Amino acid sequence: DTTSAPNFIRHQIREEIEAGRAGKIVTRFPPEPNGFLHIGHAKSICLNFGLAEQFGGDCHLRFDDTNPAKEEQAYIDAIKEDVAWLGFEWAGPVRFASDYFDQLYAWAQHLVREGKAYVDDLSPEEIREYRGTLTEPGRPSPYRERSAAENLDLLERMRVGEFAEGEKVLRAKIDMAAPNINLRDPILYRIRHAHHHQTGDKWKIYPSYDFTHGQSDAIEGVTHSICTLEFEDHRPLYEWFLDNLPVPVIPRQIEFARLNLNYTLTSKRKLKLLVDEGIVDGWDDPRLPTISGMRRRGYTPASIRRFCEMIGVTRADGGLVDIAMLYHAIRADLEENAPRAMAVLRPLKVVLTNVPEDFEEVYEVPGHPAREDMGVRKVPFTREVYIDQDDFMEAPPKKFFRLAPGQEVRLRNSYVIRCDEVIKNAAGEIEALHCSVDFDTLGRNPEGRKVKGVIHWVSAAHGVPMEVRLYDNLFQVEQPDKDKDADFLDHLNPESLVVCRAIGEPSLADAGPESRFQFERVGYFCADRHASRGDELVFNRTVGLKDSWAK
Ligand code: ATP
Ligand code: MG
Ligand code: MG
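Residues numbered from 1 in each chain as written. Chains lettered and ligands numbered in written order. Predicted model: local features only at pLDDT ≥ 70, side-chain atom pairs only at ≥ 80, totals over all residues.

The sheet contact formed by strand β12 (residues 347–352) and strand β18 (residues 430–438) spans four bridges and is parallel. If you follow K349 over to β18, its bridge partner there is A432. For strand β17 (residues 416–424) and β18, the ladder comprises eight bridges, and the chain directions are antiparallel. Bridge assignment links I417 to a residue of β18, and that residue is V437. The turn linking β17 back onto β18 is made up of five residues, and G428 within it adopts a positive phi angle of 85 degrees. (Pairing = 2+ DSSP bridges. Helix = DSSP H or I, 4+ residues; strand = E, 2+ residues; numbered from the N terminus.)

The subject of this paragraph is the confidence of the model for the protein. Within the protein, residue pLDDT values average 96, and 98% of them lie at 70 or more. Predicted complex metrics record ipTM = 0.96 and pTM = 0.96. (pLDDT = per-residue confidence, 0-100.)

Take the packing of helix α7 (residues 209–220) against helix α8 (residues 235–244) next. With their axes 9 Å apart at the nearest point, α7 and α8 run at an angle of 60 degrees to one another. Comparing their axes, α8 and α7 come out oblique. The two elements α7 and α8 meet at a crossing, and its hand is right-handed. On α8, the residues touching D210, F211, H213, G214, Q215 and A218 of α7 are L237, Y238, F241 and L242. Looking at side-chain class alone, the contact of α7 with α8 contains six nonpolar, three polar and one charged residues. (Axes fitted to C-alpha atoms, helices over the stretch in contact; angles between N-to-C directions. Parallel < 35°, antiparallel > 145°, perpendicular 65-115°, else oblique. Left-handed = near helix turned anticlockwise from the far one by under 90°. Contact = placed C-beta atoms within 7 Å. Nonpolar A, V, L, I, M, F, W, Y, C, P; charged D, E, K, R; others polar.)

It is worth spelling out α7 at this point. Over its twelve residues, α7 runs 16 Å from end to end, which matches the ideal 16 Å to within 8%, given 1.5 Å per residue. The element α7 is largely enclosed, with a buried count of eleven among its twelve residues. Within the sequence span of α7, burial applies to D210, F211, T212, H213, G214, Q215, S216, D217, A218, I219 and E220. Remark: G221 follows α7 within two positions and exhibits a positive phi of approximately 75 degrees. (Expected span 1.5 Å × (residues − 1). Buried ≥ 20, exposed ≤ 12 C-beta atoms within 10 Å, placed from the backbone.)

With that out of the way, let us pick up helix α4 (residues 101–113). For α4, with 13 residues, the first-to-last C-alpha span of 18 Å sits near the 18 Å given by 1.5 Å per residue. Remark: G115 follows α4 within two positions and exhibits a positive phi of approximately 75 degrees.

Below, the structure is given as structure tokens:
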């Protein structure tokens, strides 16, 4: 599939350009550094950077860092790494909303001087109460009519730390009866005696998201400020600030529907809980939909970008995207680009009784069936091999074409073998199979009979032991956080991680961190990026072979 789903913003910008109404396009991706990025953010990244790329514009990376209590340098570093890994380059330096704190403060003073902002002494609870509801207009604060001079003085004293947190706020003076509650004198500044990762202890007050965002866009010359639909109701406020301040340009806010994926969560807050509670192994656990988790799981940047193209961009909210579509995107990439190898996840020893002890043959096998550029790999064959336990059944049903007592199967790229004897230990467990090779079957069909099954295998003498981690959905239900009051932790999949002691063909011994393979008949796997060289190999299952995504 190379088709792209509709993207109404791209369409709109193309029309603006064709009508001669657009200059250089400037977008921005504005994460708050309070967690790692997830697949929902990838949608926003691909959209913002993609538009800039497509229309020869710029996309900025700007940290929306107005809430120092929840933010950390480690998140800033991780976010930069994720955006770069996805293959995007931000224009100019990394930016911070906190770079604009001086300008924002000057603009706050400007509003005060114009009689459009005031210092309010109501408590946060009182402010909420005075604000009214959807059906009931708000009431003015008793502090609403302070003089500009008094407000300027109080604001300055808030800034230098004369008041305690919660004692005062700065509010815009708009309309306490506005049908849109966001316009009922929104808060511009709160007192926070917090250390900030960028500005240190300079500020004792911090601007609100609403007072920061549009003005930061304006300072940077952003033309299209793209955000998710929950900000639609904030747009009149976004525009009010731009109309009432001497900003250099007027950016436009455009909203789109956020991505929701089934069987997972796309909320930083909930992902953080999984990390903090130790339910997963850090922010880059391969079961998380974080970009770094997906990277560790084996997703390629191209597959994530492809997925974002497939889902499109609309204003229709509420839909759940099927995670099978994401699996489809990575599978399509790996089908084409991952070299093949054989690995046995649950080894069962097979002794080939008519093969001499010192016998050894080495097959040259294509690295990829359709990619000559991937060359060949060497696959040794010896008297003892491992096959997967799943490929043997002592009492098979009718159409079991794999190995069973008295039954034949082909070892992939090698001979047809017959199972002659099942060797068990004292407890009655199968320890090994004794089989014999038909030496007339290398590269040709056996005489007088059909052997349907082909199974993968690894030479016992040459195979490399490895740990294979089989990852599955973290949740058992499509929408773990559907019921707001219920605990989404109740829906965890107890089998989201299964660890196997596996054996791989020798060509895998050189697999560097993050190298990806198709283990034939098994699935797609990626060498873990943290398991260092010299240690035992660790492979993470990215996705199985079977595609269940239906268009
Ligand atoms: P979360 O709700 O997970 O905490 P957020 O929106 O608070 O995410 P931000 O760091 O503020 O996280 O997001 C940066 C940008 O990514 C914003 O423009 C936001 O709209 C966008 N974004 C976040 N989540 C999604 C999503 N699920 N789908 C599309 N865009 C998203
Ligand atoms: Mg946010
Ligand atoms: Mg949020």
